[in-house]
Structures are given as structure tokens and as C-alpha cells.
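Secondary and tertiary structure notes
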Amino acid sequence: MDTNVIIAIVVAVVVIAAIIVGAWWFGKASKRSMERAADEVVAKGGVKLATEDAEHAGNADADQSDHAEANAASAGEAETAAKAQEPSATKAVPATGETSASKAAVETPESAGSRMQRLKARLSKSGNPFGKALFNILAKDQLSEADWEDVEDTLLLADVGAEASEQLVEELRNDARIAGQSDPAEVRAALKDKLLKLVGTDVDRRLNADKEGANKPSVIIMVGVNGTGKTTTAGKLSRLLVSEGKQVMLGAADTFRAAAADQLETWGDKVGVPVVRSDKDGADPASVAFEASAKAKEENADVLIIDTAGRLQNKANLMDELGKIRRVTEKNLPVDEVLLVLDATTGQNGMTQAKVFAEAIGVTGVVLSKLDGSAKGGIVISVQKELGVPVKLVGLGEGPDDLAPFDPEGFVDGILA
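Residues numbered from 1 in each chain as written. Predicted model: local features only at pLDDT ≥ 70, side-chain atom pairs only at ≥ 80, totals over all residues. Heavy atoms only, no water.

Quick look at the pattern of salt bridges
Throughout the structure, instances matching the rule amount to 23 salt bridges. Ionic pairing is found between Arg277 and Asp262, a salt bridge with its closest N-O pair at 2.8 Å. Of the two residues, Arg277 is situated in strand β4 (residues 275-278) and Asp262 in helix α9 (residues 260-271); the sequence distance between them amounts to 15 residues. Here the residues in one salt-bridge network are Asp204, Arg206, Lys211 and Glu212, joined through shared partners. (Salt bridge = Lys/Arg side-chain N within 4 Å of Asp/Glu carboxyl O. Helix = DSSP H or I, 4+ residues; strand = E, 2+ residues; numbered from the N terminus.)

Here we look at the confidence of the model for the chain
Should the pLDDT be low somewhere, the predicted coordinates at that spot are not to be read in detail. Taken as a whole, the chain shows an average pLDDT of 76; of its residues, 73% reach a score of 70 or greater. Put simply, helix α1 (residues 3-85) is where the chain has its lowest mean pLDDT, 51, and strand β5 (residues 303-307) is where it has its highest, 96. Confidence drops under a pLDDT of 50 for residues 37-88, and excluding neighbours within four residues, the segment shows two contacts in the predicted structure. In the model, residues 95-103 has pLDDT below 50 throughout and makes 14 contacts with residues more than four positions away in sequence or in other chains. (pLDDT = per-residue confidence, 0-100. Contact = heavy atoms within 4.5 Å.)

Considerations on the pairing of strand β2 (residues 218-223)
By the criterion of burial, β2 is predominantly enclosed, with six of the six residues buried. Note: β2 against β5, five bridges, orientation parallel. What sits directly across from Ser218, in β5, is Val303. Where β2 lies against strand β6 (residues 335-343), five bridges are found, and the strand directions are parallel. Residue pairing in the sheet places Val219 in a bridge with Val335 of β6. (Buried < 20%, exposed > 50% of the residue type's maximum accessible area, 1.4 Å probe, protein only. Pairing = 2+ DSSP bridges.)

In C-alpha cells, the structure reads:
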């Protein structure tokens, strides 16, 4: 074989071997370098993890310490509350402004006279369709039988009642100012006279607490079904009596509705009236009424207002409970007044409620709430005719002073405005 060929083959083998060895060495070096880098990353990560673990451990210790302190505080509060409840099932909450800066400042209620003027103006602007519909029919030149039927229908829709509606129509038909051709002023005068006669202008609508020789304390029990605004009315009535210079106390005998006592206490705070209430929900209402009457007698208050639970008229056992509240209260003080709160918008449903309450506890007067803007203003006439007791107070708004003594002339003027 040629020498040059052999030399070329040897050189090629050496070069190939050198390449293989170099590649192997380079790969090994790279692997070591990567392993060192990985070790460094792991080492750094371990330090970081160790640091975070230490921080978490510290936070966990702090949280555990905080929880322990919170549990200790809660236990202390529970023990304090339990001790506070041990002496009595009821408590008298003092008037605002004496001991606690966190409660609202005592407000000055609007006077009774100012309320009557303002509420009369509001009623005349309420857009009550009852009087307007009657006037529009009666102001026609000649009234047909169909017109008189429309008059009676209007009265019935306004919840004047069938008997009273028939009586009013008969009197209007026989009135010379309406029977013949007449001007609107005469028609309005005739209609006003007849409505005033039905509403009653010679009825004593004063609260018994305002009458001469009234008992002191004079006890008022508020009754009515759920949703009529009974508790709110009790609070508004306390404001009205305070505006007349009376010393008032409230008794929260509605122990079934969880927020009722708190709601009454809020009213008491605003006007500076103490509230006797139970420390727990579901307490015996009669026991609260008994404690309230005893407290009012002890402090020689002028008026005690007892709020009772709203109850459906078909619940005989709950009606019996109302009788029990009255009997228990009268062991300390005579009950002078039982006010039935009716929603003026309920119409004849309100009449059904009124009759049952009258049988259960003996109603002495009616408070009509939500009278403004109602087409059912005739409930004033029908409720008095059915029960034989007067409407004494009316509510014409949601404001704290939107409760006033009922004024027959103001009411009739309002619905005919």
C-alpha cells in the first residue's frame, strides 16, 4: 500500500478520535456545570423556604395568641352579660341624655296645635278621590236615578258602610240645595253638613288621660294586628304627650317580634322617655306589663303606654292573652284607655279586626294610620258606627310628629277640598 495513503488514514483516525474525546469531555464538563448551578438554586431555595417557614411559624404563634385573647374577652363579656341578666327578667331603660353619649340627643316634639294645622293642610292636598267624586256628581244641574246610584257606589267604595251610605243618600235627596238647580257652593255646603253629621261633631275625642279627674298614672294599652303601625304609633303618641308636658313611660309587652322592644326603645331615646322591657325575647308579655305598671306607679308617671304584640283576629288564644295583660296590669293600676290602631287603607278588613278586638279587650278609641291619600276615608264613619267609640287620633305621614288628635271639620274639609 502506498505510504501516503497509510499516513492519510492514520491522520483521519487520530482526528476522529480527538473529536470524539473532545465531545465527551465537553459534555461531561457541561453536566458538572449544570449540576453545580442546580445545587446553588436548591441551596438558595432551601434558605428561602426556611426563612418563610420561620415567618409562618411566628405568625401562627401570634394568631394563636390573638385567638386566645379574643376567647378570653368573649368569655368575660358573656359572664358580664349573664350577671347583668340575673337580677330581673325586665329592666327600665333610662331616658336618653343622662348616662350615654352614644345615644341620640333628646328631641323636642312638635306641639299638638301645630300638628293639627299642618296635618289638615296635608289632608286637603292629598288628592283623596272620595269627596271629589261625590262633589262632581252632586254638582250636576239635574240628578237622575243613575247619578244617585253612583253617589251610593262612591260611598260604598270609600268604606262608609252600607247603612251609613243609604242614610246619607236619603238625606241628600231630600236637601233642597241639591234636589233642584243649585250652585256648587250650596252643594258643597250641603255635603259638608251631612258628612259632619255622620262623622260626629259632638263626640268627646280626648284621650282619657287628658280628661278632668284622670287617674295618675293613666294607662293606655295599644292593640292591633301586624302591619298597622302599632309600635310606631305608640312611639308617636309618647312624643305627642311629652309635647303637652306629660311625664310618659313605655312598656314593651310585644315580646314576640324580636325588633319591637328595640324599636320602642329608639322612640324613647329620641324623646327622653324610659322604656320597661324584657332582657330576653319570648318573655311573658303580661309579666312585662305588670313590671311596667309597677314602675310607672313607683315613679308617679303621668301616662304609661303599653305596646302589645300584633295578632291576627282569628287567633283566639292570643286574644285571651290580651285579656290577661289587662287583668295583670290592673293589679297595679286601672286601665283607662285601649286604643285600636287601624290601617285606613284596609277598608272593611279593618272593620272585622275592630269588632274582634272590641270583644277581646274593650276598645275605647281608634287610631287611624295612613289616612293621607286614601280613597277609604269613609272608614272613619263606619268604624265609629259599628263600635260606638270615636276615632281619637289620625296619622298622615311617616314623620315622628305625623300623629294628631282627630278633627272632624278638618277631616271633612280635607276630603272636600
